Amino acid sequence: MRTHTGMSIDNTSHEMDDHGHEHHEVEGPGYPTPAAMRTESEREKTAYVMGLRVGMETGGHDFVGVVDLDPESDTYSELIDTIEMPNRGDELHHFGWNACSSSCHAEGLSRQYLVVPGQRSSRIHIIDAEDPRDPEMAKVIEPEEVFEHDLSAPHTVHCVPGGKIVVSMLGDADGELPGGFLQLDQEDFSIDGHWEADRGGMDMNYDYWYQPRHNVMLSSEWAAPNTYYPGFDLDDVEAGNYGDSIHVWDWETREHRQTLEFGEEGLIPLEVRMSHNPEETQGYVGAALSSNVIRFYEADNGDWDWDVVIDEEPREHEDWDMPVPPLITDLLLSLDDQYLFFSNWLHGDVRMYDVSDAGNPRLVDQVWAGGAFGERQQVQGHEIRGAPQMLQLSRDGRRLYWTTSLFSSWDNQFYPEMAEDGSLMLKADVYPEDGRMELDEEFLVDFGDAPGGPARAHEIRWPGGDCTSDVWQ
C-alpha cells in the first residue's frame, strides 16, 4: 500500500500493529483489512438500491429495492423486492450500515441494519436485513425527534467505533445553515445528540470520511437544504450559497481544526474518499461544478493541504447557451487503492484513473452511457435516462455498477424524462490487470418498471459491505 507520498507498502497482512491497533482475532463484523474484503469475500449476489418517487409524475412512496446480481439466477438483473417507506416525500438519498469493518472489536455486533435517511423529510428508517433477500422495516425515527436537535436533511451514514452511528446533517431544523452531525446509538438507534463538540467555521455540510488511526475526519460542502431543494440556480453560486471547502476535524475531541478553501478551483465539493489503507493520510474529493478532482493530504507539519490532480473542461453543446461542465457527482476508490472511478453526470461518462502514484492520477479508460455527449444512448432498446451518477464497485474490483439519478429537482431540470419514466441501473466489467472497462450490455435494471410505478434509482449497497461503506482502523 502507498503512503501519501506515493511509496508502496504491502497491505495484505491481516494484522496491523502500528499505533497499537491489532487484529489477532476479529470479534466484530466486517473484515480485518481492505485486502481481506477484496480477496476473501464472495461475489455480490444482491444489491440494495434506493428507489425514489419524489418529483415523479405518478408520485408514490420511496423504497429500498432488492436487485438480483447472481448471474446463475433466473431473476438476474431484476428488481425482485421493494421495501416501501411508510410515508411519502422522503427523498431517500444515501444510506449506510449499523456496523462495518471499523466495528472490528465490537463483539456481538453484526452488520444487520440499514440506516436509511430521507433527505427532504429528515425521517430516518431502520431496515432489518438479516435475511438479505427479505429485509423488513424495523424502526422509524420521526423528523420531530431530529428537529429537537436543530438539525435536518440527513445525508452520509457511517458506523463509528464505540457503538455509535454518525449521520451528516445538511441544515438546521428550518432547512437553513448551519448543518452538523447527528449521533445515534447502535443498540437501539436512539438519538444521542450532536456528534461535534465545536463546529468552528463549518456551516455547510455534505459527505464525510474518518480515520481514527490518524485522529482525523474530513467533511465536504453542498449548500443549505433550502438552496438546493428547488433545483440548481447559477445565481446561488455567484451569491456564495454553494460550498467550496472541506473541513478537517479532530476525531477524538470532535472539534473543527482546519478549513481547506478551494475557491473557484473546487466549487461544490461533494463525495469524500480517503484511502482504505489506514496507514495513509490522503484522499480525494470531487468538486462537481468546477469538475475537478482534488487530492487532500496531511503535510509534514501536521496540517492538511490540497492539490488539483484532475481538471476537466466544459464542452460546447447546441442545446445549451453556455459550455456544459462535466459535473463530477460521485467517486470511489477500489479496495486496493489502485483505481479511482468517478462519474460525469452531465457529459455522460464514467472515468477510470490509475492512482498508484496518488498525486499523479493517470486516465486509463472511460465508458460513455447517456448524458449530453454519450454516443451510446440506449441499452437493450431502453433509452438511457440520465447518465452515470452513483457508483458502486464489486469488492474484487471487477464490476462497476451505477445508477443515473442525482436529486429529484435537479433530475427534472437536466433530464426531465426521468420524472415520467424513471431511471436505470447499469454495469461495466472492469479488467484491473489491463486498466480498462467495458459496458455490459446484457445487464440493465429499468426502475421505470418498478412495482407501483417508475422510480429514480440512487445509491447502491452490498450485503456484507463495500468500498464506500467500510473504514479500517
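Throughout what follows, the structure given in this document is the object of discussion. Bear in mind the structure is a predicted one, so any value in this text is a computation, not a measurement. (Residues numbered from 1 in each chain as written. Predicted model: local features only at pLDDT ≥ 70, side-chain atom pairs only at ≥ 80, totals over all residues. Heavy atoms only, no water.)

## Quick word on the overall build of the chain
- A tally of helices and strands in the chain yields 6 helices and 31 strands.
- Over its C-alpha atoms the chain spans a radius of gyration of 20 Å, differing by no more than 12% from the 23 Å that the globule rule assigns to 473 residues.
- In terms of principal-axis extent, the alpha carbons of the chain reach across some 55 × 50 × 45 Å.
- Scored against the burial criterion, the 473 residues of the chain give a buried share of 63%.
- Summarising the internal contacts of the chain: among those between residues at least 6 apart in sequence, 59% fall at separations of at least 24.
- Total accessible area on the chain stands at roughly 16700 Å², and carbon and sulfur atoms take up 40% of it.
- The average position of the 30 basic charges and that of the 96 acidic charges among the side chains of the chain differ by 4 Å. (Helix = DSSP H or I, 4+ residues; strand = E, 2+ residues; numbered from the N terminus. Rg over C-alpha atoms; globule rule 2.2 N^0.38 Å. Buried < 20%, exposed > 50% of the residue type's maximum accessible area, 1.4 Å probe, protein only. Contact = heavy atoms within 4.5 Å. Areas by Shrake-Rupley, 256 points an atom, 1.4 Å probe, with all protein chains shown as cover. Lys, Arg positive; Asp, Glu negative; His and termini not counted. Charge placed at Lys NZ, Arg CZ, Asp CG, Glu CD.)

## Digging into the sheet that holds strand β17 (residues 282–287)
- Reading across the sheet, the 4 strands line up as β16-β17-β18-β19 and stay open at both edges, with antiparallel pairing between neighbours. At either end of the open sheet lies a strand with only one pairing partner, and these are β16 (269–274) and β19 (304–311). Averaged over neighbouring strand pairs, the angle between their axes works out to 25 degrees when direction is ignored.
- By the bridge criterion, 6 bridges tie β17 to strand β18 (residues 292–298) in an arrangement that is antiparallel. (Pairing = 2+ DSSP bridges. Axes fitted to C-alpha atoms, helices over the stretch in contact; angles between N-to-C directions.)

## Examining the packing of aromatic side chains
- In this structure the tally under the stated criterion is 29 aromatic pairs.
- The interplanar angle of 75 degrees and the centroid separation of 5.6 Å between the aromatic rings of Phe181 and Trp195 together place this pair among those described as edge-to-face. With a gap of 14 residues between them, Phe181 in strand β10 (residues 180–185) and Trp195 in the loop between β11 (191–194) and β12 (208–211) connect regions that are remote in the sequence.
- Look at Phe181 and you get buried, because its relative accessible area is 0%.
- Ring centres of Phe232 and Tyr242 lie 5.8 Å apart, and the angle between their planes is 50 degrees; this geometry places the pair in the tilted category. (Phe/Tyr/Trp six-rings, centres within 6.5 Å; stacked < 30°, edge-to-face > 60°.)

## Quick notes on the state of the cysteines
- All told, the structure shown has 0 disulfides when counted by the stated rule.
- Take Cys100: it sits in no disulfide, and the sulfur closest to it among the cysteines is that of Cys159, at 3.1 Å.
- We note that Cys467 lacks a disulfide partner, and the nearest cysteine sulfur, in Cys100, lies 13 Å from it. (Disulfide = S-S within 2.5 Å.)

## Section: the pairing of β16
- With 6 of its 6 residues buried, β16 lies for the most part within the structure.
- With 4 bridges joining them, β16 and β17 adopt antiparallel strand pairing. Residue Pro269 lies in a different strand from β17, and its bridge partner there is Ala287.

## A few points about the pattern of salt bridges
- The final tally for this structure, using the stated rule, is 28 salt bridges.
- In this structure, the salt-bridge partner of Arg120 is Glu91, at a minimum N-O distance of 3.0 Å. Residue Arg120 is located in the loop between β5 (113–117) and β6 (124–128), and its partner Glu91 is located in the loop between β3 (79–84) and β4 (96–97); the two are separated by 29 residues in the primary sequence.
- A relative accessible area of 27% places Arg120 in the partly exposed class.
- Overall, the relative accessible area of 0% leaves Glu91 in the buried class.
- The partner of Asp354 in a salt bridge is Arg362, and the shortest N-O contact between them spans 3.2 Å.
- Taking the relative accessible area as the measure of exposure, Asp354 reaches 11% and is therefore buried. (Salt bridge = Lys/Arg side-chain N within 4 Å of Asp/Glu carboxyl O.)

The values are spatial; any link to function lies outside them.
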